[in-house]
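# Overview (structure and organization)
Each chain is listed here by its residues.
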Amino acid sequence: MSRRPLCRAFGLLATLVALAVAGSASAQVSRNVQLLSHPAPGWSAYAACWSYVHHDGREYAAIGTNLGTAIYRLTDPTSPVLVGHIAGPSSQWRELKQYRDWLYIVSEGAGAGAGLQIIRMTNPDAPVLAATYTATFLTAHTVTVDSANAVLYANGTRLANGAANGMRILSLGNPEAPVEIGAYTGPYVHDSHVRDGILYTAHINEGWVRAFDVNDPSLIDAPASRLTETTFSNPFPHNAWTSPDKKFLYVTNENTEGLMKTFDISDLGNFRQTASYKAAPDAICHNVHNRDDTLFASHYTEGVRLLDITDPARPAEWGYYDTYSDTGVGFFGNWEVCAEYPSGIFIASDMQTGLWVFRTAPNYGIVAGTVVDQNGALVADATLHLHAGASGGSLASQGATSDAGGRFRVALDPGAYTFEGHKFGYEDGAATGTMVTGATDSIVIVLERIPFAAAAGVVTAASASAFGSAGLALEESELHVDDSPLDTIAVAGGAWRIGEIPNGVWRLHAVHPAYVPSEIAIGILGGIDEVHDFALEPVVLYDACEALGAWTAFTAGDNATTVGRWANGNPNGTGPPALRTGGGGPTFAAASAGGTPQPGPVLDHPDHDSEEVMGPGPVAPEDDHSPGVRTNCFVTGLGGAGQGIGVHDVDNGRTTLTTPTFDLTGIGNPVVAWYQWYVNDGNAVVDDAFVVQVSNNGGGSWVHVDSLRTSTRGWERRELHVADRVTPTATMQLRFIASDTGAGSVVEGGVDDLAYYGAPSTVDGPAVPGRGAALAFASLAPNPTAGSVRLALTGSEGALVDVTVLDVRGRLVQRLAGIRLAGGVAAITWNGRDQAGRTLPAGVYLVRATTQGASAVARMVRLAATD
């Protein structure tokens, strides 16, 4: 079983380093944070927390429980005292804020006591429920208080019958008898943040962040009040918070992308993203708030994270405390963090273990780095990491990516360090320094650009088939360069071009679903473009999955809800409205161009762990995969246009799609290929894999092929080398099983473009720039090596060949003796030294052989010499 996605990841070294760092950091519970206390849990579940600071300076913590709100005195933060628990409707979700001598609490609970609870804190050691507001809503998801103007915003409200009721705005002029003064009835508002007359709203289902002028809150529904709106890649915004200078906005993305994104909002008409932050590969950032120049971010299973925003455009993590002792991902652990305490303490709520009280203990400095090439040009998207052996404190603080201006910023522990940089097409670079607590060290990392050239050509059909005639231009063929991010799609006439391929030897692949894949080796050296045409042979059988035909979309034991079972047709996409192309929602393109999107449907987000909580990207496909005019495929649940992501997904069981029987006898080394789509999200863990099985006896028995647990959110090519699993026969079948049998989640699958063929026995040898010449490197051994390497050449009888060794930028390292190809073959040894006799360092080197009218290039990897 293998797969060849169109876009290949590059940078194995950086990945391995990152994984090593992650492994070491995961064992740590805290960095630069002191735990003061953790009261024994007294309830079965917890939600948000917030501060209460009395007018005489006494500090308290309020935390939502599954049965109400618990209030603790923190006069001695090392020994909290529970002073009261105000009962409320049973609910997992409870949010609260302070206004003067009152606390305002909302929840999703619709039972006894539902509504906006108002707790009087006149005597904070004896809190009392003063009133419950139910005039214009019964439940709300979050609550925002503008203390300066005595205004409360209830976000994501619903009526007693469960109907969404918008964002309701209340005056707190009489704190125990609020009066509604305005309402926003547009798309669902999940959370909001108000500062200096501007309200920032997070529209989680719609994928937008908006800004409103609320100097007169009663006018919020007027068009003139909406100042701006923006969306971004993979949008699922949960909350937003401004920097102290009000020029930047921090937005949490509560999906499996999990990023906190930083936007420059100095021009409200043009939000510009400057940075993104992720605590760990599987982290989900929930809420973010600031105290002075520190951002406090809650991260579910990754705990509380503290970020330095002295440069607000590029937050840098300097501290954390993980309250969640278990492993895994999803909606467990830290819900909220609050630092609104004059004494300098801060609190966090853990969904399973309740209240935690902390104090910061900063002991770090800032590395403000810039990445440039050898000419001083800025290098964006470079991967930076701390060299092994130096200390940074966590994965997030030991690695970074350079922004559009080539800049990166990290917070390191004191001591000496070395930062290394990597980017495809560049030689690695590094810079060293010494970090002092409270200081900023500026470094420059130089990545030398490797010379590059392009490869181009056309893809055509080598012979006639059911798909088309011989010589047919194979538009929409996929081409990619192994071990690189370089890929493209063939356009009109089958033409393709991949630019900026660095010096070296690369494997170039051409893939079309109706033809046998082909690959060749290409040598890039000296900035000379290469031309390589592909003539693909047709597969033995190609099924574009345009109709059900002899496929079976149900088998004994299938028990998924009928509307989510396999079906054949033209799919209708689902996903975040700001991304999907067929669902009728606003588009990112419209926002990028400065256009005004059309509002999507009004949705409500009643909780955090539901079928509306999704990872980034599409859910069900909008289009099939097949090239040309073909439109249909197999999908789980053939829903209508514009429907929600949970309407036609797989639910409450499994659904099985089985291919017709096919004959693989007489085909040497048979391969079955297909394209599949898979999404499983919205739950804490992926507990239902997408299973592929094969049978060689007409379905009498089945052998496991693959269990996919990672959502792809796109069509991905898969291959099965049949003989690796079963003996090929005349009664072969495949089947695809999609399930949702565990906790509720969104599961969508797709299958398209099934084909089978005999795998090519060989691939082309190393390419030679002078096409048609026979000169080639037959072998390089050993490779890699720390010592000498023996080079074997083949070519024209008696040809005199010049052999040189170059570095990856094409500079001459060593000129080896001329060699004559007696009998068309010869061998020569390179001792790993340059022309001055010096042993060369570890790295990648190129060896070039040239003769009249022909040349060949091969790659050698030199290892570091050991004593």
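Residues numbered from 1 in each chain as written. Predicted model: local features only at pLDDT ≥ 70, side-chain atom pairs only at ≥ 80, totals over all residues. Heavy atoms only, no water.

### Concerning the packing of aromatic side chains
- Scanning the entire structure with this criterion turns up 27 aromatic pairs.
- With 5.6 Å between their ring centres and 45° between their planes, Phe232 and Phe263 make a pair best called tilted. Here Phe263 lies in strand E22 (residues 260-264) and Phe232 lies in the loop between strand E19 (226-230) and strand E20 (237-242), a separation of 31 residues in the sequence. Side by side, Phe232 and Phe263 carry an identical accessibility label, which is buried.
- Aromatic side chains Tyr417 and Phe419 sit 6.2 Å apart centroid to centroid with 75° between the ring planes, which places their arrangement in the edge-to-face category.
- Each residue in the set Phe296, Tyr321, Phe346, Trp356 and Phe358 is aromatic and connected to the rest through ring pairs, giving one cluster.
- The positively charged end of Arg305 is found above the aromatic ring belonging to Tyr320, 4.4 Å away from the centroid. (Phe/Tyr/Trp six-rings, centres within 6.5 Å; stacked < 30°, edge-to-face > 60°. Helix = DSSP H or I, 4+ residues; strand = E, 2+ residues; numbered from the N terminus. Buried < 20%, exposed > 50% of the residue type's maximum accessible area, 1.4 Å probe, protein only. Lys NZ or Arg CZ within 6 Å of the ring centre and 35° of its normal.)

### Quick notes on the pattern of salt bridges
- Applying the stated criterion across every chain, the model contains 29 salt bridges.
- Notably, a salt bridge pairs Arg31 with Asp413, separated by 3.0 Å at the nearest N-O pair. Linking Arg31 in strand E2 (residues 30-31) with Asp413 in the loop between strand E34 (407-412) and strand E35 (415-422), this pair joins segments that are 382 residues apart in sequence.
- Note on Asp413: relative accessible area 18%, which makes it buried.
- Linking Glu519 and Arg507 is a salt bridge whose minimum nitrogen-to-oxygen distance equals 3.3 Å. (Salt bridge = Lys/Arg side-chain N within 4 Å of Asp/Glu carboxyl O.)

### What to know about empty space enclosed by the protein
- Taken as a whole and judged by the stated rule, the model has five cavities of 30 Å³ or more.
- Around the largest cavity sit 17 residues that line it, and Asn572, Ala620, Gly637, Gly639 and Glu748 are the ones nearest its centre.
- The residue inventory of the lining of the largest cavity, partitioned by class, reads six nonpolar, ten polar and one charged. (1 Å grid on protein atoms, 1.4 Å probe; cavity = no way out; pocket = protein on both sides within 12 Å on 5 of 7 lines; lining within 4 Å. Points joined across faces, edges and corners; volume = space filled by probe spheres on them. Nonpolar A, V, L, I, M, F, W, Y, C, P; charged D, E, K, R; others polar.)

### Focus: the pairing of strand E29 (residues 345-350)
- Where burial is concerned, most of E29 is hidden: six out of the six residues are buried.
- Alternating residues of E29 divide into Ile345, Ile347 and Ser349 and Phe346, Ala348 and Asp350, and every residue in both groups is buried.
- Note that strand E28 (residues 334-338) and E29 share four bridges and pair antiparallel. Residue pairing in the sheet places Asn334 in a bridge with Asp350 of E29.
- The loop that links E28 with its antiparallel partner E29 comprises six residues; one of these, Gly344, has a positive phi angle of about 100°.
- Pairing of E29 with strand E30 (residues 354-360) involves six bridges; the strand directions are antiparallel. Note on E30: the bridge partner recorded for Ile345 is Arg359.
- As consecutive antiparallel partners, E29 and E30 are separated by three residues. (Pairing = 2+ DSSP bridges.)

### Notes on unusual backbone geometry
- Along the chain, Ala781 connects to Pro782 via a cis peptide bond; the corresponding omega equals -10°.
- In this fold, Pro782 is placed in the loop between strand E56 (776-781) and strand E57 (789-794).
- Note the cis peptide between Asn783 and Pro784, where omega equals 10°.
- Assignment of secondary structure puts Pro784 in the loop between E56 and E57.

### A few points about the side chain of His238
- Mapping His238 onto the fold places it in strand E20.
- A distance of 2.9 Å separates a polar side-chain atom of His238 from the backbone oxygen of His286. (Polar contact = N/O pair within 3.5 Å; in protein donor to acceptor, adjacent residues only side chain to side chain.)

### A few points about the sheet that holds E34
- Here three strands make up an open sheet; going across it, the order is E34-E31-E37 and the pairing mixed. The sheet terminates laterally at E34 and strand E37 (440-446), the two strands that pair on one side only. Here the strands of the sheet are splayed against their neighbours by 25° on average, with no regard to which way each runs.
- Two elements, strand E31 (residues 365-372) and E37, share seven bridges in a ladder whose sense is parallel. Bridge pairing in E37 links Val372 to Val446. (Axes fitted to C-alpha atoms, helices over the stretch in contact; angles between N-to-C directions.)

No statement about biological role is implied by the geometric values presented.
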